[in-house]
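Each chain, written out:
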Amino acid sequence: MDFANATVVGAACAHNGAAAAHTVRDGIGIFHVFAHPEGYGLIDGDQVSVRAIDRETFEMLDGLYVSHVGALPPAVRQRLAELGLLRQVEAEAPTAKPVPVRTVALLITQKCNFRCTYCYGDGGSYGGGGLMKKDTAFRTIDWLIGQSGDEPKLTVTFFGGEPLLNFKLLKEVVAYARSEGAKVGKTFGFTVTTNGSLLTDEVLAYFKENDVAPVVSMDGPKEINDAQRPDTKGKGTYEQIVPRVRKMLQIFPETSVRATLVGDTEPALVEQSLRDIGFKRVNISGASRSTFANGEGQQVDSFAKLF
């Protein structure tokens, strides 16, 4: 089975350990299950291994989330033991204080309408593809609220791929997070990292009404941006993006932009061109290697020029 091309469709984990523990008990290891064109797979996070599983096992494990082994039906517990997923874990000490989680990033789509030359995520698909399920997104919000402790303000970042290709789920998550947070006295902030191509009037109006802060990815002047950030047909995207971005900056003047350096591009040239568009906050970083390109065609410079 070629696991490199797998699409992750579900995940489950349980972690019962703490550094200051004094006793041990049965626990469930960290794992993920996923579907594949040729079957189903299991990633064992503790053993850093991947193996094939049957459909029945996949359906049993998909979405499984429990706090302790005792809550499991005997058949499920037996199957976990057969898979080597039952662990002797350290129980949390009574005096241990959990570290609150304040932020999650949701890859609500593994699709993209751009084909950036330096993309480390295989065109946004990360070797797979598809859209996040609403159930997965909602369970993540539930988990974040449960892990946030006394933190009153939580943040959700929408990422991809191009997250606005799944604008419907983005809106559903915002509504759900606000509703569930209100029940326990917590507020949510939202950000979305976008290539700017889908910033329509409808999207911008929604962002303004719901306090969703955009972050834009652009690579500088037209000749550089078009060379490094073409669309799926290989055409430049600068002329498509700039009018949308300028309209966005009228509503969100503090929006930051992130640019990626490839080759011998001058950082000062990139920065000035983005400021000329209207960005006040410019972040520049070097391209990182793509796992999926096997290093081919990926020119990664040192940070000397950037500094």
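In short, a report on the structure. Only a predicted model underlies this, so the values are computations on that prediction, with no experimental measurement involved.

### What to know about the nonpolar core
Stage number 1. Counting residues in each nonpolar core, the largest one holds 53 residues, and the members touching the most others are Phe158, Leu170, Phe207, Met218 and Phe279.
Stage number 2. If one sorts the elements of this core by residue count, helix α4 (residues 167-183) sits on top with seven residues.
Stage number 3. Ignoring sequence-local partners within four residues, the contact set of Phe158 consists of Leu106, Ile108, Pro163, Leu170, Val173, Val174, Phe190, Thr191, Val192 and Thr193.
Stage number 4. Among the nonpolar cores identified, the runner-up in size contains 13 residues, and Ile28, Leu42, Leu61 and Leu83 belong to it.

### Here we look at the pattern of salt bridges
Stage number 1. Summed over all chains, the structure comprises 14 salt bridges.
Stage number 2. A salt bridge links Arg55 to Glu59, with the shortest nitrogen-to-oxygen separation between them at 2.9 Å. You can see Arg55 and its partner Glu59 sitting in helix α1 (residues 55-61), four residues apart, about one turn around the helix.
Stage number 3. Residue classification places Arg55 among the exposed positions, given a relative accessible area of 51%.
Stage number 4. For the salt bridge of Arg139 with Asp135, the shortest nitrogen-to-oxygen distance reads 2.9 Å. Note that Arg139 and Asp135 are positioned in helix α3 (residues 134-147) at a spacing of four residues, about one turn of the helix.
Stage number 5. By relative accessible area, which is 29% here, Arg139 ends up partly exposed.

### A short note on the side chain of Asp219
Stage number 1. By the secondary structure assignment, Asp219 is in the loop between β9 (212-217) and α6 (222-228).
Stage number 2. An unpaired buried charge is present at Asp219: no salt bridge exists, and Arg229, the closest side chain of opposite charge, is 4.3 Å distant.

### Comments concerning the state of the cysteines
Covalently bonding the sulfur atom of one cysteine to the sulfur atom of another cysteine gives a disulfide.
Stage number 1. As enumerated under the stated definition, the model contains zero disulfides in all.
Stage number 2. Here Cys116 stays free of any disulfide, with the sulfur of Cys112 as its closest cysteine sulfur at 6.2 Å.
Stage number 3. We classify Cys116 as buried; its relative accessible area is 15%.
Stage number 4. In this structure Cys119 is not part of a disulfide, and its nearest cysteine sulfur, from Cys116, lies 6.3 Å away.
Stage number 5. Owing to a relative accessible area of 24%, Cys119 belongs among the partly exposed residues under this scheme.

### Details of the sheet that holds strand β6 (residues 103-107)
Stage number 1. In space, the six strands of this open sheet follow the order β6-β7-β8-β9-β10-β11, with parallel pairing throughout. Either end of the sheet is taken by a strand with one partner, and the two such strands are β6 and β11 (281-286). In this sheet, adjacent strand axes meet at a mean angle of 20° when their direction is disregarded.
Stage number 2. Here β6 runs beside strand β7 (residues 153-159); their pairing, made up of five bridges, is parallel. Considered in β7, the bridge of Leu107 is made with Phe159.

Criteria and thresholds
Residues numbered from 1 in each chain as written. Predicted model: local features only at pLDDT ≥ 70, side-chain atom pairs only at ≥ 80, totals over all residues. Heavy atoms only, no water. Core = buried A, V, L, I, M, F, W, Y, C linked by side-chain atoms within 4.5 Å. Buried < 20%, exposed > 50% of the residue type's maximum accessible area, 1.4 Å probe, protein only. Helix = DSSP H or I, 4+ residues; strand = E, 2+ residues; numbered from the N terminus. Contact = heavy atoms within 4.5 Å. Salt bridge = Lys/Arg side-chain N within 4 Å of Asp/Glu carboxyl O. Lys, Arg positive; Asp, Glu negative; His and termini not counted. Disulfide = S-S within 2.5 Å. Pairing = 2+ DSSP bridges. Axes fitted to C-alpha atoms, helices over the stretch in contact; angles between N-to-C directions.

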